[in-house]
Amino acid sequence: MARKAEVGSLMFTREYMCVPISTGTSLFSPEHLDNAKNKDLVLKPLKREGYKYFVGVDPAISTDGDYNVITVIEMDEDENKSIVYVDRSKNVQFRENIQKVKLIGQLFRPEVILFETNTFAKSFTQELRQVADLNIHDFNTTRRKKQEIILNLQMTLENGKLNFPYGNEESRKVTSVLTEELSMFAITDRGKFEGIGAHDDMVMSLALANAATYEMSETFILLDDMGLFDDKPSSPTMAYNSSIGLNF
């Protein structure tokens, strides 16, 4: 069953799917997801003075079920972050996606846009650099880099530094889909970080937007240049210390 709801001028499609997940492998605990819901926050295409904005783009790489998701995070001077805008849609054509990112650039004037550029998607950033004055960074998602941005998102939530919009019906619908995807994002038996539900596009877009908040210091660029994100076999339980560990 699917339901559609307008979020600003954007169309948001909600799908329901129940997939059991072991609490021993879930990366995002229900407690932290509930704590992130902010009843005073609503989705709104509005830039506020004194805040910085960051964008994560997870483009659809196929038309057989993937969503194209663009997430905007607002951050205050204390590095408290809030989701203020989400565009989630299917079958987005190349030119339409360019226009979406340009519009978000005009609305929010983001500090950084982090764009997942695996496979064909690099053509998006090449085009955007030609037609818009935006600080766009390519993000080629290797296994290690994906782990890095997901664990950073996990820490941000556990530290209470990320707010989900929950102040009106439309915001709650969007947050419901997001939290459902997050609750089903896990470390699989093969040691991969991925969603085991119907979709994980919103998780990846949010993780990219959160990573963009660190991109100003070039943290990810420097680590990548050092070769720390090379795809090499490793045990995920040994890739980070116990202070980051899994939620049980």
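In this text the structure is predicted, and so the values were computed from the model without any measurement. (Residues numbered from 1 in each chain as written. Predicted model: local features only at pLDDT ≥ 70, side-chain atom pairs only at ≥ 80, totals over all residues. Heavy atoms only, no water.)

### Re the side chain of T117
Link 1 in the chain: With respect to the secondary-structure elements, T117 resides in the loop between β7 (112-116) and α3 (122-131).
Link 2 in the chain: Owing to a relative accessible area of 8%, T117 belongs among the buried residues under this scheme.
Link 3 in the chain: When neighbours within four sequence positions are excluded, T117 is seen to be in contact with K122, T125, D138, F139 and N140. (Helix = DSSP H or I, 4+ residues; strand = E, 2+ residues; numbered from the N terminus. Buried < 20%, exposed > 50% of the residue type's maximum accessible area, 1.4 Å probe, protein only. Contact = heavy atoms within 4.5 Å.)

### Remarks on the environment of D40
Link 1 in the chain: Among the structural elements, D40 can be located in the loop between β3 (37-38) and β4 (52-58).
Link 2 in the chain: Here D40 falls in the exposed class, since its relative accessible area comes to 76%.

### Structural notes on the nonpolar core
Link 1 in the chain: Counting 38 residues, the largest nonpolar core has F28, I150 and F164 as its most contacted members.
Link 2 in the chain: At the level of secondary structure, the elements contributing two or more residues to this core comprise β5 (68-75), β6 (81-89), β7, α4 (143-158), β9 (162-165), α5 (169-183), β10 (185-187) and α6 (201-215).
Link 3 in the chain: Among the elements that line this core, the one with the most residues is α6, at nine residues.
Link 4 in the chain: Ignoring sequence-local partners within four residues, the contact set of I150 consists of L27, F28, F185, F193, V203, M204 and A207.
Link 5 in the chain: If you look at the next biggest cluster of nonpolar residues, it comprises 20 residues, including V57, I70, V72 and L128. (Core = buried A, V, L, I, M, F, W, Y, C linked by side-chain atoms within 4.5 Å.)

### What to know about unusual backbone geometry
Link 1 in the chain: Non-glycine residue E79 carries a positive phi angle of around 65 degrees.
Link 2 in the chain: Examined against the element boundaries, E79 turns out to sit in the loop between β5 and β6.
Link 3 in the chain: Unlike most non-glycine residues, N91 shows phi in positive territory, near 55 degrees.

### Details of the sheet that holds strand β8 (residues 136-139)
Link 1 in the chain: Read across the sheet, seven strands follow the order β3-β9-β6-β5-β4-β7-β8 without closing on themselves; strand pairing throughout is mixed. With one partner strand each, in any of the chains shown, β3 and β8 form the two edges of the open sheet.
Link 2 in the chain: Here two bridges tie β6 to β9, and the two strands are oriented parallel to one another. Opposite K81, over in β9, you have L162 as the bridge partner.
Link 3 in the chain: Each of β7 and β8 is contacted by α3, which is oriented at about 165 degrees to β8, the strand it contacts most. (Pairing = 2+ DSSP bridges. Axes fitted to C-alpha atoms, helices over the stretch in contact; angles between N-to-C directions.)

### Details of the confidence of the model for the chain
Link 1 in the chain: Looking at the chain as a whole, the pLDDT averages 78, with 71% of positions reaching at least 70.
Link 2 in the chain: A low-confidence stretch, residues 1-24 stays under pLDDT 50, and its non-local contacts, those more than four residues away or across chains, total 63 contacts.
Link 3 in the chain: In the model, residues 217-248 has pLDDT below 50 throughout and makes 55 contacts with residues more than four positions away in sequence or in other chains. (pLDDT = per-residue confidence, 0-100.)

### Here's the deal with the pairing of β5
Link 1 in the chain: For β5, the tally of buried residues reaches eight of eight residues, placing the bulk of the element in the interior.
Link 2 in the chain: Burial of β5 is two-sided: the residues N68, I70, V72 and E74 facing one way and the residues V69, T71, I73 and M75 facing the other way are all buried.
Link 3 in the chain: Of the strand pairs in this sheet, β4 and β5 are connected by seven bridges, and their pairing is antiparallel. Bridged to Y53 within β5 is E74.
Link 4 in the chain: As defined by bridge partners, β5 adjoins β6 across eight bridges and the pair is classed as antiparallel. Bridge pairing links I70 to D87 in β6.
Link 5 in the chain: Here β5 hands over to β6 after five residues, with E79 in that stretch at a positive phi of 65 degrees.

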